[in-house]
Amino acid sequence: MKELQPTQRQISWKKVAITVGFATLILMAGTIAYDNWRVSQGWCARFYPDGTKKIMYGDDCWK
């Protein structure tokens with residue numbers, strides 16, 4: 001095995017995985033919160049399987 005110099009650091013993959021996991025959870029929570037806020041402000045977008053998009057306002061968002 002190659003010996004490390006005193007100035008080199010090994011990467012702790014466990015810490016990297018934990019950091020990426022937390023960042024993913026924070027991003028998902030933020031996206032959900034933003035979407036709920038957007039709908040509460042009265043507008044949303046609905047996407048259909050054929051690729052079209054419809055912007056809706058008010059009570060249409062909740063249907």
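This write-up is about the structure you can find in this document. (Residues numbered from 1 in each chain as written. Predicted model: local features only at pLDDT ≥ 70, side-chain atom pairs only at ≥ 80, totals over all residues. Heavy atoms only, no water.)

**Focus: the pairing of strand 1 (residues 43-47)**
Then, in step 1: Here strand 1 runs beside strand 2 (residues 53-57); their pairing, made up of five bridges, is antiparallel. Opposite F47, over in strand 2, you have K53 as the bridge partner.
Then, in step 2: If you look at the hairpin formed by strand 1 and strand 2, you'll find five residues sitting between the two strands, and G51 has a positive phi there, around 95 degrees. (Pairing = 2+ DSSP bridges. Helix = DSSP H or I, 4+ residues; strand = E, 2+ residues; numbered from the N terminus.)

**Focus: a nonpolar patch on the surface**
Then, in step 1: A contiguous nonpolar surface patch, about 550 Å² in accessible area, is contributed by I18, F22, L25, I26 and M28.
Then, in step 2: Accessibility expressed as a relative area gives 47% for M28, which makes it partly exposed. (Patch = residues over 30% accessible without salt bridge, like charges linked within 9 Å, V, L, I, M, F, W, Y side chains within 5 Å. Areas by Shrake-Rupley, 256 points an atom, 1.4 Å probe, with all protein chains shown as cover. Salt bridge = Lys/Arg side-chain N within 4 Å of Asp/Glu carboxyl O. Buried < 20%, exposed > 50% of the residue type's maximum accessible area, 1.4 Å probe, protein only.)

Interpretation in functional terms is not warranted from these geometric data alone.
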